[in-house]
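Working through the structure, step by step
Residue-level listing of the chains:
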Amino acid sequence: MIQFNMKNIMSNKFAIAMAIGITSFLFYLYTLAPTVCWGDSAKLAIPVYNRTFIFTSGGSHGLHSFLGWLFSLILGQQNLAYSLNLMSAFFSSFTLSLFYLLMKKITHSQFASVLSAFVLGISHLFWFVSVITESYSLLSFTFVLQIYTLINWFDNPHAWKIYVLWLVIFLSLLNHMLNFLFVPVIMVFILCFSK
């Protein structure tokens with residue numbers, strides 16, 4: 001017989017992160033746009049449909065297009081727009097899970113961490129880019145992953161964590177040029193806190 005101890009479940013931060021991710025994904029799935037919406041959705045879906053992945057231009061979002069193509073292959077391409085919208089929900093849900101872990105690491109408060117992930121997840125702008133085809137869901141994921149990796153390096157410095165951080169930064173630049181804004185801040189942080 002399996003017994004569930006609520007105290008053990010609540011103390012396992014990874015179980016809570018998974019629950020946040022699944023819950024947010026179900027919420028985004030329920031409110032997901034069924035097809036192309038106004039804004040950049042069509043602009044981002046066309047390269048996926050044409051399989052043109054341009055990684056060198058600031059506005060092309062090559063990584064987003066490539067991952068969108070892979071995502072549409074996994075789901076089947078009956079409705080490309082829906083599968084791309086689903087990819088946004090997927091990355092936003094992962095972002096919230098990782099954001100919870102980041103807040104838990106920073107605040108050491110279960111309540112504050114869950115609440116902050118909840119508030120971010122239902123905020124209008126975050127929800128909006130989570131239910132349509134938009135590159136900002138992938139941008140949010142890579143940004144939170146950068147900060148999480150940086151904080152982990154700060155807590156337990158190993159050179160491989162810096163290499164992972166730079167790999168994530170490089171990959172994030174293939175999606176969105178806004179990531180260039182984070183590079184100087186990260187470099188200053190590393191220089192100030194390296195031992």
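Predicted model only: the values in this text are computed from it and were never measured.

The next point concerns a nonpolar patch on the surface. On the surface, Phe27, Phe111, Leu115, Phe118, Val119 and Ile122 cluster together into a nonpolar patch covering about 610 Å² of accessible area. With five residues, helix α6 (residues 110-122) is the single largest residue contributor to the nonpolar patch. Mapped onto the elements, isoleucine 122 comes out in helix α6. With relative accessibility at 46%, the residue isoleucine 122 sits in the partly exposed group.

Moving on, we get to the side chain of lysine 161. For lysine 161, the location among the structural elements is in helix α9 (residues 159-173). Salt bridges are absent for the buried lysine 161, whose nearest opposite-charge side chain, aspartate 155, sits at 7.8 Å. The contact partners of lysine 161, leaving out residues within four places of it in the chain, are Thr149, Asn152, Trp153 and Asn156.

By size, the foremost hydrophobic cluster in this structure holds 29 residues, and its most contacted members are Ile20, Tyr28, Leu98, Tyr100, Leu101 and Leu102. For this core, the secondary structure elements donating two or more residues are α2 (13-30), α4 (62-75), α5 (80-107) and α8 (136-155). Here this core takes 11 residues from α5, the largest share from any one element. Apart from the residues within four sequence positions on either side, isoleucine 20 is in contact with Leu96, Ser97, Tyr100, Val114 and Ala117. Core analysis: the second largest hydrophobic core is formed by nine residues, Trp153, Ile162, Val183 and Ile190 among them.

With that out of the way, let us pick up the environment of valine 164. Position of valine 164 relative to the elements: it lies in helix α9. For the pair valine 164 and tyrosine 82, spaced 82 residues apart in sequence, the C-alpha to C-alpha distance is 32 Å.

A word on the confidence of the model for the protein. Of the residues in the protein, 92% have a pLDDT of 70 or more, and the chain-wide mean is 87. Mean pLDDT values for the elements of the protein range from 54 in helix α1 (residues 6-11) up to 97 in α6.

About the thresholds
- Each chain has its residues counted from 1, following the order in which its sequence is written.
- Given that the model is predicted, a residue must reach a pLDDT of at least 70 before its local features are reported, and side-chain atom pairs must reach 80 or more before they are shown or counted; all residues, however, enter totals for whole chains, interfaces and linings.
- Hydrogens and water molecules were not included; the side-chain quantities draw on all heavy atoms of the structure.
- A patch is a set of surface residues, each over 30% in relative accessible area and not in a salt bridge, joined within 9 Å for like charges and within 5 Å for the nonpolar side chains Val, Leu, Ile, Met, Phe, Trp and Tyr.
- With residues, only the protein chains shown are counted as cover, and all accessible areas are computed by Shrake-Rupley using a 1.4 Å probe.
- When a carboxyl oxygen of Asp or Glu is within 4 Å of a side-chain nitrogen of Lys or Arg, the pair counts as a salt bridge.
- Every helix listed is a DSSP run of H or I at least four residues long, and every strand listed is a run of E at least two residues long, numbered separately from the N terminus.
- Accessible area is worked out with a 1.4 Å probe on protein chains only. A residue is then buried under 20% of its type maximum, exposed over 50%, and partly exposed in between.
- For the purpose of counting charges, residues Lys and Arg are taken to be positive, whereas Asp and Glu are taken to be negative. His and the chain ends are not included.
- Working rule for contacts: check all heavy atoms of both residues, and any pair within 4.5 Å makes them a contact.
- Throughout this description, the term nonpolar core refers to a set of buried Ala, Val, Leu, Ile, Met, Phe, Trp, Tyr and Cys residues connected via side-chain atoms within 4.5 Å.
- Values of pLDDT, the confidence the predictor places in each residue, fall between 0 and 100.

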